[in-house]
Amino acid sequence: MSTRRLKRVEKASTTLSRFVSRAMLAASVIAVAAFAHPAFAQDLAPLSANPSKQGAVVKQAEQTPPGEDQGVYSDPLAPFNESMFTFNLKLDDWVLRPVATGYAAIAPLPVRQSVGRFFDNVNVIPRFANNLFQLRMPEAGTEVARFGINTVLGLGFFDPAETWFGLKEHPDDFGLTLRYYGVPSGPYLMLPFFGPSTVTDTVGMVVDAAMNPMTYLTYIADVPWYVPTAVGAGTRIADAVNYRSEHLDMFEEADRYAVDLYGAVQDAYLQTRDHKVKELKESD
Amino acid sequence: MLHTTTTNSVNRGHALAIVLFLIGALLAAPSIARADAPANDPMAVVKDGVNEALPILRDKQTPTPVRQQKLREIVARSFDFSEMARSALGYHWRQISPDQQQEFTKVFSTFIENSYLAKINEFTSGEVRFLSVRNDGPQYAIVKTSVLMAGKDPIDLDFRLLDKNGQWKVYDVTVDAISIIANYRNQFNRVMNNKGYATLIADLKSKEAALAASMGT
């Protein structure tokens, strides 16, 4: 019995190591392909920085305010992005918002905020790992401490780590790690279901998802492949519904003040990400 | 003897007074110099505007339209709307006619102004902290502030100012690191490239009308 068990563990570990080496190989192939791709080399430079590529001669007037060229991006994937943006809006209109509205009617706001904190607490691994990748030891340590405190004292639904101990969360992800080490953002990319991103941030999202231990359940235990996939998707959907229920008038509000909603969302995403990268670089 | 002593003490008293006055003057000098030129200080422009606007925002008794009118006056004094409009169009500004520039400035100014005034009732209570001021080129400055409202995360609110003929005026506002003018610039650039000025001004006018209707003005 015990030898059989030992063999099974051994088998599982060899399968795991085989999987890991294969995954690393696949990742490096994808990375090389992505970096070699010419579209990737075209960073989100402002129009004025690469006027020749845009076919428009940008002659800067004298006394141009600083940041004048900020907020005009090249968007080589625009046709794809625009249709995905429409898809996401329709999906939101037909499914996400109605579900979130119904959920909001049943669950009071404090409950939904607690659920939001629960999902946030569970996602500690990418935050910890990326703080570590950027050699931010105090921040990485804080993430571990926060997870321990909030899981034990707050059951994940409350945030005693911040309210009682003053330990603030340090959001971080692999997209930011790549940008921190100088990888350009790559073209803007609107993902179906997931929303605004860039090529680099999408790679980062995949890497962060790979850090979820749930992903490897199939390789360690005798769990069919569709169980972790279904659980992962279910978690994502629950998180999305919960988030949307906390921000019910999100798009209505944005659309009220936008002349071109696609452009408004694109710029808000890119400005926010650029600012986070700048903050990370300046905090060293 | 007595007389001399009195004279001496009077002289000594004078000397002390003069020294004290000089020290006082030296200490006061920087503040006097600042008080001489309030218009040349971007922080003062922002502080004056915000400190004047805060009581109006907090006052929930006065009807909203009256408060909006008061705020309109403060905004008109401290914001440079023509610079905002020019900057929001980016290089397309030079591609449209002077008449169109004028028309665009008028519609965009009203739109921007109303989009802020429509939200004044969302400001419940709170305070504004003036954090820092920094030069951003010879005639440009950034004033950083933080808006603290009860039960909400603090909002980083930065003002970008431009010195035009000795008068500092706000030409952009940054909310949580998102520049409003840069955001409109990306939107306008897309509409200009894909559809042209006629569509842009028509869309802007219809958005402005919807906003004005929702405000009841």
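Details of the structure are given in the entry above.
Values in this document were obtained by computation on a predicted structure and should not be read as measured data.

**Q** Mind showing me how you'd approach the overall build of chain A here?
**A** Summing up its helical and strand segments, chain A has 14 helices and 2 strands in all. Taking all contacts inside chain A whose residues are at least 6 apart in sequence as the whole, residues at least 24 apart take part in 67%. When the accessible area of chain A is evaluated, it comes to approximately 16400 Å², of which 68% is carbon and sulfur surface.

**Q** Could you clarify how one ought to interpret helix α7 (residues 197-215) of chain B in this entry?
**A** Quick reminder: α-helices carry 3.6 residues per turn. Residues three or four places apart thus point the same way. When the terminal C-alpha atoms of α7 of chain B are compared, their 27 Å separation across 19 residues agrees well with the 27 Å that a helix rising 1.5 Å per residue should span. Looking only at α7 of chain B, the buried set comprises Y197, L200, I201, L204, K207, E208, L211, A212 and M215 of chain B. For α7 of chain B, the buried positions fall inside an angular range of 135° around the axis, keeping them on one side. Looking at α7 of chain B, the residues exposed on the side facing more than 90 degrees away from the buried face are A198 and A213 of chain B. Those residues of α7 of chain B hidden inside the fold are in contact with α13 (250-257) of chain A together with α3 (64-78), α4 (81-89), α5 (98-117) and α6 (180-194) of chain B.

**Q** Looking at this structure, I do not really get the environment of L135 of chain A. What am I missing?
**A** Residue position: L135 of chain A is located in the loop between α6 (124-133) and α7 (137-152). Between the alpha carbons of L135 of chain A and D93 of chain A there is a distance of 42 Å; along the sequence they are 42 residues apart.

**Q** Sorry if this is basic, but what is going on with the packing of aromatic side chains here?
**A** Each pair of aromatic rings is reported with the distance of its centres and the angle of its planes. Counted by the stated rule, this structure contains 15 aromatic pairs over all chains. Note on Y188 of chain A and Y262 of chain A: the rings are 6.1 Å apart at their centroids and 90° apart in plane angle, and the pair reads as edge-to-face. Pair noted here: Y188 of chain A is in strand β1 (residues 188-191) and Y262 of chain A is in helix α14 (residues 261-282), with a separation of 74 residues, a long-range link. The pair Y188 of chain A / Y262 of chain A is uniform in exposure class, with both members buried. Pairing F108 of chain B with Y184 of chain B gives two aromatic rings, centres 5.6 Å apart and planes at 80°, and the pair type is edge-to-face. Taken together, the positions of F108 of chain B in helix α5 and Y184 of chain B in helix α6 put the pair 76 residues apart, joining distant regions of the chain. Seen from the ring of Y180 of chain A, R136 of chain A lies directly overhead, with NZ or CZ sitting 5.0 Å from the centre. Positioned above the aromatic ring of Y257 of chain A, the side-chain terminus of K119 of chain B is 4.6 Å from the ring centre.

**Q** What is the right way to look at the packing of helix α2 (residues 42-58) of chain B against α3 of chain B in this model?
**A** Residue and element names in this part refer to chain B. At a closest axis distance of 10 Å, the pairing of α2 and α3 adopts a crossing angle of 175°. It follows that α2 is roughly antiparallel to α3 by the angle criterion. Every residue of α3 that contacts α2 at V45, G49, E52, A53, I56 and L57 is listed here: R67, K70, L71, I74, R77 and S78. Tallied by class, the residues present in the contact of α2 with α3 amount to 6 nonpolar, 2 polar and 4 charged.

**Q** Would you mind showing me how to read the packing of helix α4 (residues 78-106) of chain A against α14 of chain A here?
**A** Between two packed helices, both the angle of their axes relative to each other and the distance between the axes serve to describe the pair. All names here are of chain A. Running from amino to carboxyl end, α4 crosses α14 at an angle of 100°, the nearest separation of the two axes being 11 Å. When the axes of α4 and α14 are compared, the pair comes out roughly perpendicular. Contacts between α4 and α14 pair A78, N81, E82, F85 and L89 from the former with L261, Y262 and V265 from the latter.

**Q** What should I look at first to understand the pattern of salt bridges in this one?
**A** Two side chains of opposite charge can pair, provided their charged atoms sit close to one another. One pass over the structure, following the stated rule, counts 20 salt bridges over all chains. With a shortest N-O distance of 2.9 Å, R190 of chain B and E82 of chain A are connected by a salt bridge. Of this pair, R190 of chain B sits in helix α6 while E82 of chain A is found in helix α4, placing the two residues in two different chains. Overall, the relative accessible area of 13% leaves R190 of chain B in the buried class. What makes E82 of chain A partly exposed here is its relative accessible area of 29%. One salt bridge connects R127 of chain A with D120 of chain A, and the closest N-O pair in it is separated by 3.4 Å.

**Q** Could you clarify how one ought to interpret the nonpolar core in this entry?
**A** In a soluble, globular protein the nonpolar side chains are often hidden away together inside. If you look at the biggest cluster of nonpolar residues, it comprises 51 residues, and the most contacted ones within it are F104, F108 and F188 of chain B. The biggest single contributor to this core is α2 of chain B, with 8 residues. Those residues within four positions of F188 of chain B in sequence are excluded, and the remaining contacts are V259 of chain A together with A88, L89, F104, F108, L200 and L204 of chain B. With 12 residues, the next largest nonpolar core counts A258, L261, A264 and Y269 of chain A among its residues.

**Q** When you look at the pairing of strand β4 (residues 167-175) of chain B in this model, what are you seeing that I'm missing?
**A** Side-chain positions along a regular strand alternate between the two faces of the sheet. Residue and element names in this part refer to chain B. With 8 bridges joining them, strand β3 (residues 155-164) and β4 adopt antiparallel strand pairing. When the sheet's bridge partners are listed, L157 is paired in β4 with V175. Hairpin connection between β3 and β4: a loop of 2 residues separates the two successive antiparallel strands, and N165 in this loop has a positive phi of roughly 50°. One ladder, built from 2 bridges, connects β4 with strand β5 (residues 178-179); its direction is antiparallel. Counterpart to T174 in the pairing with β5 is S179. Turn length for the β4-β5 hairpin, with the two strands adjacent in sequence and antiparallel, is 2 residues, and the turn residue D176 shows positive phi of about 45°.

**Q** Could you clarify how one ought to interpret the pairing of strand β1 (residues 126-135) of chain B in this entry?
**A** All names here are of chain B. Relative to strand β2 (residues 140-149), β1 is paired through 9 bridges, and the arrangement is antiparallel. In the strand pairing of β2, E127 is matched with L148. Hairpin connection from β1 to β2: 4 residues lie between these consecutive antiparallel strands, with G137 at a positive phi of about 100°.

**Q** Would you take a moment to explain the side chain of D172 of chain B for this structure?
**A** Residue and element names in this part refer to chain B. Relative to the assigned elements, D172 resides in strand β4. It is R160 that comes nearest to the buried, bridge-free D172 among opposite-charge side chains, at 4.7 Å. A polar atom in the side chain of D172 sits 2.6 Å from the side chain of S179. A distance of 3.1 Å separates a polar side-chain atom of D172 from the backbone nitrogen of I181. When neighbours within four sequence positions are excluded, D172 is seen to be in contact with M84, D158, F159, R160, S179, I180, I181 and A182.

**Q** Is there a simple way to explain unusual backbone geometry in this structure?
**A** Residue and element names in this part refer to chain B. The phi dihedral of N165 is positive, around 50°, even though this residue is not glycine. Among the structural elements, N165 can be located in the loop between β3 and β4. According to the relative accessible area criterion, N165 is exposed, its value standing at 82%.

About the thresholds
- Residues numbered from 1 in each chain as written.
- Chains lettered and ligands numbered in written order.
- Predicted model: local features only at pLDDT ≥ 70, side-chain atom pairs only at ≥ 80, totals over all residues.
- Heavy atoms only, no water.
- Helix = DSSP H or I, 4+ residues; strand = E, 2+ residues; numbered from the N terminus.
- Contact = heavy atoms within 4.5 Å.
- Areas by Shrake-Rupley, 256 points an atom, 1.4 Å probe, with all protein chains shown as cover.
- Expected span 1.5 Å × (residues − 1).
- Buried < 20%, exposed > 50% of the residue type's maximum accessible area, 1.4 Å probe, protein only.
- Arc of directions from axis to C-beta.
- Phe/Tyr/Trp six-rings, centres within 6.5 Å; stacked < 30°, edge-to-face > 60°.
- Lys NZ or Arg CZ within 6 Å of the ring centre and 35° of its normal.
- Axes fitted to C-alpha atoms, helices over the stretch in contact; angles between N-to-C directions.
- Parallel < 35°, antiparallel > 145°, perpendicular 65-115°, else oblique.
- Nonpolar A, V, L, I, M, F, W, Y, C, P; charged D, E, K, R; others polar.
- Salt bridge = Lys/Arg side-chain N within 4 Å of Asp/Glu carboxyl O.
- Core = buried A, V, L, I, M, F, W, Y, C linked by side-chain atoms within 4.5 Å.
- Pairing = 2+ DSSP bridges.
- Lys, Arg positive; Asp, Glu negative; His and termini not counted.
- Polar contact = N/O pair within 3.5 Å; in protein donor to acceptor, adjacent residues only side chain to side chain.

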